[in-house]
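# Descriptive analysis of the structure
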Amino acid sequence: MEDQFKKILSHAKEYGFVYPSSEIYEGLSAVYDYGPMGVELKNNIKNYWWKSMVQMHDNIVGIDAAIFMHPKTWKASGHVDAFNDPMIDNKDSNKRYRADVLVEEELAKTEGKIDKEVRKAQKRFGDDFDENQFRATNPRVLRYQEKIDAHQNQLNEAMKSNNMEGLKQLIIDLDITCPVSGSRNWTDVRQFNLMFSTQLGNIAGEESSLYLRPETAQGIFVNFLNVQKTTRQKIPFGIAQIGKAFRNEIVARQFIFRMREFEQMEMQYFIKPGTEMDWYEYWKETRLKWHKSLGTSSEHLRFHKHENLAHYANAAADIEYKFPFGFKELEGIHSRTDFDLGSHQKLSGKKLQYFDPEINESYVPYVLETSIGCDRMFLAMMSESLQEEKVPDSKGNETERTVMKLHPSLAPVKAAILPLVKNKEPLTNRARKIFDDLKLEFQCQYDEKDAIGRRYRRQDAIGTPYCITVDFETLEEDDKVTLRDRDSLGQRRITVEEAKAIVLKETNVSRIL
Ligand code: GAP
């Protein structure tokens, strides 16, 4: 798993997907830049999300709100008072940690011990092995599980009741040591607000404190009435948005999984109070289907129900993806009640209500939210698609290739146009003309450097679903080219027009909408 993660990191840099930010100055912690391939993949992810959420629903509309918002927004939303993470420092290494994460990682170690027992038993019993029965009856596994459950409950209780002493006690009870110094010399646990703040204006006395938004959702809430009135939508209806969010994360590790500047794709679905549990189930299933539609293995996706609910939610679940470092949150589905609209209504003094013609009554709508991190989705897609496999070369000998088996609609480049040899007129001229024609339809790359086999490998490595090879027969015989399929490695001799039609059809996002 660790090896796979290292491969993703180096592949992302080598092929222009993701670079560390300001690398010439040694980088900036938990901030990353997307390179030429990365920006294409990210845009394709956003495009698919936007089309499936906005274009495919006549009752969901989009907005693009500003990152800066009136400071009162964050008071009303609860972020000023409650958007905190518990932090703890180790006095010997001076390293800072999230106290709850230290505990969770310790519990994950015990889960690892259970998995080891299961694997050992699996080996011993072979085909007769019943994993469920083993987990339910093996005394050692039961002891480990009991310990995990007890400590997980203590953690949940401490987090729910803001009990920082309780959290520290748990760290002491679990005998957690600092991964750097190895010591147990901990400070007390303190709450740390995750919002970045800055100043508006430069005239003395007129400055006011601003926050960089920690979620895009609030831009939707404050625009609820504007949108409802201008679009005349009836409940239930949704507002969707893609945009940057900022969090001063205490622990920012795992590459683009947890960043300080990241992008969210959020949708708030405004509903009648009392219907939220039905919509909660509906959106959980709809969003899970969305992930599967991109070819993500069902075994790599699961729901995780929240025990510690955020200050605004009455039910919440994550869609978790099995990243190379384990199952982690990819998307959140939250039933946010009328918390946000109600709080904004109270603090602003402006009515944020909907007149429901069906019951002849006004009310503050409830909200069902789907919120997915674009960068996490990007990492999930890299993790899912990056593979090393043995394939036959042109002489039939076995060779290894690195390939990104991305869904064709997400691939940064849809087709590569490759003249068989370089600098050979009129061959290269013909290939260029084909490139100039096809680039009007989809993202193409023209490449004539190196032997054809190496060029195929380069395209495999960035996930290009099709290569179109132009050879001398193309000039002589009916304008035919060779279309090579990334996954099957099958090659077809067809006309340029036929190749164009296949690439257009197979890479078009409408195929999976
Ligand atoms: N509006 C609800 C909300 O913001 P969240 O669970 O805090 O909920 C939603 O965030 C999604 O945003 C997460 O599921 C995750 O994909 C992404 N996300 C959150 N913090 C992130 C970070 N520091 N870096 C990258 N993505 C992040």
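Residues numbered from 1 in each chain as written. Predicted model: local features only at pLDDT ≥ 70, side-chain atom pairs only at ≥ 80, totals over all residues. Heavy atoms only, no water.

## What about the overall build of the protein chain?
Summing up its helical and strand segments, the protein chain has 17 helices and 23 strands in all. The burial tally for the protein chain puts 48% of its 513 residues in the buried class. For the protein chain, restricting intrachain contacts to residue pairs at least 6 apart in sequence, the fraction spanning at least 24 positions comes to 65%. Working note: accessible area of the protein chain is about 25,600 Å², and carbon and sulfur atoms make up 47% of it. Computing the positive centroid from 74 side-chain charges and the negative centroid from 80, the protein chain places the two 2 Å apart. (Helix = DSSP H or I, 4+ residues; strand = E, 2+ residues; numbered from the N terminus. Buried < 20%, exposed > 50% of the residue type's maximum accessible area, 1.4 Å probe, protein only. Contact = heavy atoms within 4.5 Å. Areas by Shrake-Rupley, 256 points an atom, 1.4 Å probe, with all protein chains shown as cover. Lys, Arg positive; Asp, Glu negative; His and termini not counted. Charge placed at Lys NZ, Arg CZ, Asp CG, Glu CD.)

## Notes on the sheet that holds strand β20 (residues 444–446)
Strand pairing in a sheet takes place through backbone hydrogen bonds and is either antiparallel or parallel in direction. Ordered in space as β20-β19-β21-β22-β23, the five strands form an open sheet in which the pairing is mixed. Single-partner strands in this sheet number two, and they are β20 and β23 (491–495). Each strand of the sheet is rotated relative to its neighbour by a mean of 25 degrees, with strand direction disregarded. Of the strand pairs in this sheet, strand β19 (residues 415–419) and β20 are connected by three bridges, and their pairing is parallel. Paired with A415 across the two strands is C444, which belongs to β20. Along the sheet face, helix α17 (residues 496–507) touches β19, β21 (466–470), β22 (480–485) and β23 and points at about 120 degrees away from the line of β23. (Pairing = 2+ DSSP bridges. Axes fitted to C-alpha atoms, helices over the stretch in contact; angles between N-to-C directions.)

## Focus: the pattern of salt bridges
This model, assessed by the stated rule, comprises 41 salt bridges. Residue E131 is joined to R135 by a salt bridge in which the shortest nitrogen-to-oxygen separation is 2.9 Å. Of the two residues, E131 and R135 both sit in helix α6 (residues 131–137), four residues apart, roughly one turn of that helix. Taking the relative accessible area as the measure of exposure, R135 reaches 30% and is therefore partly exposed. Between R336 and E215 there is a salt bridge, and its shortest N-O distance comes to 3.1 Å. In this pair, R336 is assigned in strand β13 (residues 326–337) and E215 in the loop between β8 (208–211) and α9 (217–221), connecting sequence segments 121 residues apart. With respect to burial, R336 and E215 carry one shared label: buried. Salt bridges sharing partners connect three or more residues here, namely E389, R401, K405, R457, D460 and R484. (Salt bridge = Lys/Arg side-chain N within 4 Å of Asp/Glu carboxyl O.)

## Digging into the nonpolar core
Among the nonpolar cores identified, the biggest contains 56 residues, and F17, I45, W49 and F378 are the most heavily contacted of them. Apart from the residues within four sequence positions on either side, I45 is in contact with M265, C374, M377, F378, M381 and L410. (Core = buried A, V, L, I, M, F, W, Y, C linked by side-chain atoms within 4.5 Å.)

## Description of helix α7 (residues 139–160)
Its 22 residues give α7 an end-to-end C-alpha distance of 31 Å, which sits within 8% of 32 Å, the value for a rise of 1.5 Å per residue. Those residues of α7 not exposed but buried are V141, I148, H151, L155, N156 and A158. The arc that holds every buried residue of α7, seen down its axis, measures 160 degrees, which confines them to one face. Exposed side of α7, more than 90 degrees from the buried face: P139, R143, E146 and K160 are the residues found there. Packing partners of the buried residues in α7 comprise α5 (99–125), α6 and α8 (164–173). Its side-chain oxygen at 3.0 Å from the backbone nitrogen of R140, N138 defines the N-terminal cap of α7. (Expected span 1.5 Å × (residues − 1). Arc of directions from axis to C-beta. Polar contact = N/O pair within 3.5 Å; in protein donor to acceptor, adjacent residues only side chain to side chain.)

## A closer look at the sheet that holds β13
Strand order in the open sheet made by the seven strands is β3-β9-β10-β16-β13-β12-β11, with mixed pairing throughout. Each having just a single partner strand, β3 (60–62) and β11 (301–305) make up the two edges of the open sheet. The sheet shows a mean angle of 25 degrees between the axes of neighbouring strands, taken without regard to direction. Summarising the sheet, strand β9 (residues 237–246) and strand β10 (residues 261–271) pair through 10 bridges and their orientation is antiparallel. Along β10, the bridge assignment pairs I239 with Q268.

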